[in-house]
Amino acid sequence: MTGVSREVEQLNRRLLRARDAIDRAYAEPLDVRAIAAVAFLSPAHFSRCFRATFGETPHRYLQRRRIERSMFLLGRTDRSVTDICCDVGFTSLGTFSRTFRRIVGQTPSAYRRAYRLDGVPSCVLMAYNRPSSSFG
């Protein structure tokens, strides 16, 4: 009999539940301990399993989701970079700017100037601008 064992299937469901929780609550203060609790795993085991399953750590996934949302807001709203920083869950403008630049390759302000595309459907923008999960 081939297939995934019951234990692996249950673990995968827990990990998906935790990833969905990150997607829903990305703007809230989240840490690995809180996310691991959603999956009913210890923080260390959760981090290892999450990375093995999704190819990046939970923290990196959370940062990428926050940056994706900020990219949308920068391109589609006139809100200040500082407001957007807070809206997506960063507590420091410096950390937000540094993370944004590392993932996207430019500052939030430069991104806004380059990618301000009113009238382009948001689904197209999100697909085109989705950052890679392999940022440095």
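The coordinates are above.
Everything numeric here is computed off the predicted structure, so don't read it as measured data.

Chemist: Could you clarify how one ought to interpret unusual backbone geometry in this entry?
Modeler: Trans peptide bonds make up the majority, and among non-glycine residues the majority have a negative phi. A positive phi angle, close to 60°, is found at Phe40, a residue other than glycine. Note on placement: Phe40 falls in the loop between helix H2 (32-38) and helix H3 (43-54).

Chemist: Quick question: what am I supposed to make of the environment of Asp87 here?
Modeler: Mapped onto the secondary structure, Asp87 falls in helix H5 (residues 81-87). Through-space distance from the C-alpha of Asp87 to that of Glu28 is 9.0 Å; in sequence the pair is 59 residues apart. Other than its neighbours up to four places away in sequence, Asp87 contacts Ala27, Leu73 and Arg79. Of note is the side chain of Asp87, whose polar atom sits 2.7 Å from the side chain of Arg79.

Chemist: Please explain the packing of helix H4 (residues 58-76) against helix H7 (residues 108-115) as it appears in this structure.
Modeler: To characterise two packed helices, one gives the angle between the axes of the helices and the distance between these axes. For the pair H4 and H7, the least separation of the axes is 8 Å and the interaxial angle reads 55°. Classed by the angle they form, the pair H4 and H7 counts as oblique. In terms of crossing hand, the pair formed by H4 and H7 is right-handed. Within the contact between the two elements, H4 uses Met71, Leu73, Leu74 and Gly75 and H7 uses Pro108, Tyr111, Arg112 and Tyr115.

Chemist: Is there a simple way to think about the packing of aromatic side chains in this case?
Modeler: Each aromatic ring pair is specified by the distance between its two centres and by the angle formed by the two planes. Throughout the structure, instances matching the rule amount to 7 aromatic pairs. Centroid distance Phe46 to Phe50: 5.5 Å. Interplanar angle 55°. Geometry classified as tilted. Remark: Phe50 and Phe46 occur in helix H3; sequence separation between them is 4 residues, near one turn of the helix. Note on accessibility: Phe46 and Phe50 belong to one class, buried. Each ring, one from Phe50 and one from Tyr61, has its centre 5.8 Å from the other, and the planes form 65°; the classification is edge-to-face.

Basis of the calculations
- The residue numbers shown here count from 1 along each chain, following its written sequence.
- Two thresholds apply to this predicted model, a pLDDT of at least 70 for residue-level local features and 80 or more for giving and counting side-chain atom pairs, whereas whole-chain, interface and lining totals are computed over all residues.
- Based on all heavy atoms of the structure, the side-chain values leave hydrogens and waters out of the count.
- Counting from the N terminus, the helices are the DSSP runs of H or I reaching at least four residues and the strands are the DSSP runs of E reaching at least two.
- We call two residues contacting when some pair of their heavy atoms lies within 4.5 Å.
- Polar contact criterion, stated in full: a pair of N or O atoms within 3.5 Å, where within protein one must be able to donate a hydrogen and the other to accept it, and residues adjacent in sequence count only if both atoms are side-chain atoms.
- For helices, the fitted axis covers only the stretch in contact; all axes are lines through C-alpha atoms, and the angles between them, taken along N-to-C directions, range from 0 to 180 degrees.
- Here is the rule for angles: anything less than 35 degrees is roughly parallel, anything more than 145 is roughly antiparallel, 65 through 115 is roughly perpendicular, and the remaining ranges are oblique.
- Note on convention: the crossing is left-handed when the near helix lies turned anticlockwise from the far helix by less than a right angle, right-handed when the turn is clockwise.
- Aromatic pairing here means that ring centres of Phe, Tyr or Trp (its six-membered ring) are within 6.5 Å. Orientation follows from the plane angle: under 30 degrees is stacked, over 60 is edge-to-face, and everything else is tilted.
- Between buried and exposed lies partly exposed: a residue is buried under 20% and exposed over 50% of the maximum accessible area for its type, with that area taken using a 1.4 Å probe on protein chains only.

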